[in-house]
Amino acid sequence: MKNQVKIAIAASFLIGAACDAARAAEPHWTWCGWGGGGWFWSSAADPVDANTFYMGGDVNGLWKTVDGGRSWAFMNNGLPNYEVYSLAVAPSDRNTVYALTVDGVAVSTDGAKSWTHCIDTKRSGLNVGASRGGSIHALAVDYRNPRIVYAGGKNGRAVKSIDGGASWTEMDYLSSRKAEEGEIAKPVSGSGFGRIAVATNPNDWSNYIRVQKFLSQSGEDWSDAKTISANVFIPKDAPAGMAATIVVQSGGWAWKEGPMQTLKPGTWTELEYPLSLFADPGSVNMVHFVVRTNGKGYQGEIAVDAFVVKGGSKRIVLGEWDGADTEGWVVSPDQNTKSVTKSFKTSKAPAAAPSGAPVCTIAVSGANGQTVLLCQRQRGLFRSPDGGKTWRHLADAPAGARCVFWAGKSRPSTWYGAFDKNGFFVSNDDGLTWTSLNGPIPGDFGARDVVCSWKNPDLIYGIVGAGFGGYIASSADGGKTWAKTGSFKADNKGNPTLPGNGPTGGMSGLQNIAISPVNPDYLHMAGNWNPCFTHDGGKVWVESVRGADITCFHDIRHLGTETYGAAMDEGICMTTDGGKFWKALCPIKWKPGLSGHQWQVLPLKLPNGQTRIVSTVSPWAHNGDFPVKVIVSDDSGKTFVEAKGLPTYRTHLNTMWGEGHGRTLQADPTNPDVIYVGIDGDPENGHAGGGLFKSTDGGKTFTQMKNQPGSRRMMYGLAIDPTNPKRLIWGACGNTAGVYVSEDGGESWTKTPGLNDWIFRVEATDKGIIYAGGNQLYRSDDHGKSFRVVTNLKGVTICGIAWDPANENRVWIAGTTWSSNSDAPNTGVYETTDGGKTWHSITGDIGYRKPIVLRYNATTKELWAAGPAAFKLKR
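Since the model is a prediction, treat every value here as computed from it, not as a measurement.

A. Focus on the sheet that holds strand β50 (residues 629-633). Ordered in space as β48-β49-β50-β51, the four strands form an open sheet in which the pairing is antiparallel. Among the strands making up the open sheet, the edge pair consists of β48 (596-605) and β51 (641-642). Examined bridge by bridge, strand β49 (residues 611-619) and β50 share five bridges and lie antiparallel to one another. The residue bridging Val617 from the neighbouring strand is Lys629, located in β50.

Take a look at the structure:
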């Protein structure tokens with residue numbers, strides 16, 4: 001153990017020293033994946049160059065195009081978080097770009113080459129984070145000063161910075177509506193009241209919000225107590241509610257509930273319970289009140305005050321919250337519902353705190369720099385005439401405010417708006433009043449986004465969507481008449497997946513639309529899977545994905561100069577030119593029961609010259625819970641068959657992600673007919689669970705091994721020792737985590753003593769050195785009998801491991817975390833050339849610094865790193 005500690009300390013010192021050198025050298029990684037494959041949420045246009053746009057996604061940061069969407073490049077250097085849901089470019093300085101992530105705002109002053117996190121907006125600060133699906137254009141930059149920026153968060157908070165994001169001031173726009181509606185104008189008594197943030201589901205009658213407190217009575221005399229009461233307030237815009245007081249007696253925990261009383265929105269309601277029902281009122285040791293909403297869901301705040309015991313001249317205060325003390329009060333869901341936000345705090349003023357619903361859009365007028373409009377998903381449309389100092393709630397504006405867009409200098413008082421199911425509107429008096437352009441939108445669809453040409457404000461484009469469906473609406477006459485399009489021309493080279501769907505695709509999950517201020521024919525649409533670009537004002541939309549990669553790889557394998565990739569949602573593809581272009585192998589088009597999450601791919605060269613391709617897939621559950629499948633091709637991917645003998649059920653107990661998947665796949669290096677697959681999950685409900693399965697006919701049929709490792713919860717934890725193909729190494733997670741070794745092809749297993757870390761990946765070199773990745777990297781030189789620590793990287797998981805067959809002391813690892821934050825210490829790719837004694841970072845300019853897969857191609861001498869997207873580095 002002492003030797004292990006010494007090794008770890010030495011490794012830590014050299015990693016730190018090498019990181020400084022690596023920053024100077026900046027290894028250059030080349031993107032080598034394919035485009036598309038996920039949710040693209042945000043878009044913004046350069047104010048000067050019609051060919052330059054920015055695009056943000058949900059797992060992989062953001063990209064920039066300088067050629068009108070024909071190609072994109074990753075722009076994530078310094079970006080603090082990879083979930084980017086709103087973007088804004090300063091109109092007066094094209095190099096100043098702001099990005100709204102789930103962990104706050106980031107700013108770039110060099111055209112997105114590098115980013116700085118605006119610290120005050122982090123979760124630990126003002127918590128101005130983006131909302132998936134809620135943040136549409138939740139950033140706005142002043143038209144004259146690039147350092148003045150507005151941002152809105154998922155919790156309803158709105159902030160302003162006048163120094164380029166270095167500091168922020170909260171804008172109290174909600175008080176305008178609260179004053180207008182009389183929301184919690186004053187406490188019932190005293191100077192304060194309690195506030196509770198809640199979220200309830202519609203038509204869920206079991207969904208109570210419960211507030212409770214244990215009572216010690218502290219010597220209080222309750223002998224004359226007559227009633228116990230609480231006052232509850234729900235805002236005017238909340239649905240009608242019901243509430244009751246509940247009293248619990250010690251010595252048997254007798255539970256007595258008062259009658260349910262109706263709560264009138266916008267007023268305080270007193271709830272009373274007669275203590276005369278208790279022979280000894282002094283035996284009361286817990287009080288509650290419960291609230292539920294009638295029929296409709298509600299997301300926002302309720303208030304409580306004057307929770308007191310009354311009797312004769314006595315008034316015993318249980319809760320008046322005049323100070324900051326909320327000790328002893330617990331907010332909890334009733335009947336185990338999960339929809340209540342557990343938050344209890346005090347307020348001495350009308351509650352102007354965030355309401356819990358996201359700010360969809362903030363927009364500023366370029367005419368005066370003072371008019372600011374704000375769309376809040378729950379509360380509606382707000383207007384400030386003085387740059388956010390004072391606000392007015394536009395009560396007469398249509399409901400469902402999602403987006404507003406200033407029409408430009410030629411019509412300085414005109415704004416267009418998207419108001420969900422109410423459709424598109426126009427304001428010609430600087431946002432004060434609104435007129436419908438197209439009437440309500442039928443069905444489940446709603447207007448989400450809207451833009452117009454600054455050169456010709458009568459030219460309008462908008463997004464109409466519902467879930468995955470949607471289309472782009474356009475008008476050339478100021479909204480009098482409208483056309484719509486929901487199709488695009490597919491780019492099967494840029495995005496090779498599902499080529500069998502044909503040359504034309506249907507737009508899906510449309511989120512953002514951006515128009516070039518200098519050339520209104522150039523527009524970009526960010527949406528699910530297939531973002532699009534048009535160069536002719538929307539006559540033809542073309543898939544725009546080359547370089548914009550949200551492919552969630554779970555495996556990369558090399559076979560000579562061929563490379564195979566397996567990805568969630570996108571199947572298996574292969575490339576013969578180092579990732580310049582990929583070809584889809586399976587599925588070719590969407591197929592129920594087959595299309596889904598591809599986990600592993602295994603290419604094997606057969607004696608007849610063909611390539612056997614084996615892959616694991618978890619089909620999407622459409623009209624059923626499809627079990628894990630293995631597909632096999634013996635003709636280099638021309639045809640595939642489904643393997644037999646695998647479970648006909650989906651495992652759920654003791655799995656990594658709530659259900660079992662075919663997470664690991666390996667073949668005997670001496671016999672391509674012997675293939676092993678690992679599925680996570682324990683036996684339950686009478687079935688045999690997952691674990692290790694074996695095929696002796698090249699993957700056509702599988703048999704579950706009779707004896708299994710001590711934990712079947714695993715990620716990529718299977719390796720075969722080339723020095724003895726009967727020796728299997730299993731890396732496990734869970735309560736009995738660690739490394740398990742079988743010396744007889746999986747018939748029996750022994751746990752390696754002393755290693756109890758969660759092991760996410762194991763690798764075995766040609767000489768039988770075994771590496772296991774968990775909270776650290778572990779190395780075994782005795783075929784798994786013992787391991788020693790060879791890293792000291794804190795706060796990350798070692799999930800990617802690769803090694804050089806020509807020099808097995810040259811090893812690469814990837815340190816990752818499981819959040820979307822990219823700025824965690826020690827994330828990145830590291831290299832050792834001495835078997836783990838010393839390490840140095842080679843993270844360089846990689847577009848995604850937390851890969852989960854590393855593979856070394858000894859033929860081309862390239863290290864591949866994959867996760868969301870794929871990159872390669874000459875080594």
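There is more to say after this.
B. Representation of the nonpolar core within the structure. Within the largest apolar cluster, 45 residues are counted, with the highest numbers of intra-cluster contacts made by Leu381, Trp434 and Trp541. Core analysis: the next-biggest nonpolar cluster, separate from the first, contains 30 residues, Ala526, Tyr848, Tyr856 and Ala865 among them.

C. View of the packing of aromatic side chains. Following the criterion strictly, the structure yields 28 aromatic pairs and no others. Ring centres of Trp34 and Phe553 lie 5.0 Å apart, and the angle between their planes is 65 degrees; on these two criteria the pair is classed as edge-to-face. Of this pair, Trp34 sits in the loop between β1 (30-31) and β2 (40-45) while Phe553 sits in strand β44 (residues 553-559), placing them 519 residues apart in sequence. An identical accessibility class is assigned to Trp34 and Phe553; each is buried. Each member of the aromatic cluster is reached from another via a ring pair, and the members are Trp34, Phe553, Trp582 and Trp864. Lying over the aromatic face of Phe581, Lys493 brings its terminal NZ or CZ to 5.1 Å of the ring centre. The ring of Trp657 is capped by Arg663, whose NZ or CZ atom sits 4.7 Å from the centre of that ring.

D. Here's a closer look at the sheet that holds strand β3 (residues 53-57). With antiparallel pairing, the four strands of this open sheet are ordered in space as β2-β3-β4-β5. The open sheet is flanked by β2 and β5 (73-74), the only strands paired with a single partner.

E. The side chain of Thr121, seen in detail. By the element assignment, Thr121 lies in the loop between β9 (116-117) and β10 (139-141). You can call Thr121 buried: its relative accessible area is 0%. Polar contacts involving the side chain of Thr121 include one to the main-chain carbonyl oxygen of Cys118, which spans 2.6 Å. Filtering out sequence-adjacent residues up to four positions away, Thr121 remains in contact with Asp103, Gly104, Val105, Leu126, Asn127, Val128 and Trp168.

F. Seen up close, the environment of Phe533. Looking at where Phe533 falls in the secondary structure, it is placed in strand β42 (residues 532-534). C-alpha of Phe533 to C-alpha of Gly69: the two residues are 464 residues apart in sequence and 6.2 Å apart in space. Ignoring sequence-local partners within four residues, the contact set of Phe533 consists of Phe53, Gly68, Gly69, Tyr522, Leu523, His524, Val540, Trp541, Val542 and Ser544.

G. Up close: the pairing of strand β46 (residues 571-575). Counting buried positions along β46 gives five out of five residues, so the element sits mostly inside the fold. Bridge count for strand β45 (residues 562-567) against β46 is five bridges, and the pairing is antiparallel. When the bridges of β46 are listed, Ala566 appears paired with Ile572. Once β45 ends, the chain turns through three residues before running back antiparallel as β46, passing Asp569 with a positive phi of about 70 degrees. As defined by bridge partners, β46 adjoins strand β47 (residues 583-586) across three bridges and the pair is classed as antiparallel. In the sheet register, Cys573 faces β47, and the bridge partner there is Ala584.

Rules used throughout
Residues numbered from 1 in each chain as written. Predicted model: local features only at pLDDT ≥ 70, side-chain atom pairs only at ≥ 80, totals over all residues. Heavy atoms only, no water. Pairing = 2+ DSSP bridges. Helix = DSSP H or I, 4+ residues; strand = E, 2+ residues; numbered from the N terminus. Core = buried A, V, L, I, M, F, W, Y, C linked by side-chain atoms within 4.5 Å. Buried < 20%, exposed > 50% of the residue type's maximum accessible area, 1.4 Å probe, protein only. Phe/Tyr/Trp six-rings, centres within 6.5 Å; stacked < 30°, edge-to-face > 60°. Lys NZ or Arg CZ within 6 Å of the ring centre and 35° of its normal. Polar contact = N/O pair within 3.5 Å; in protein donor to acceptor, adjacent residues only side chain to side chain. Contact = heavy atoms within 4.5 Å.

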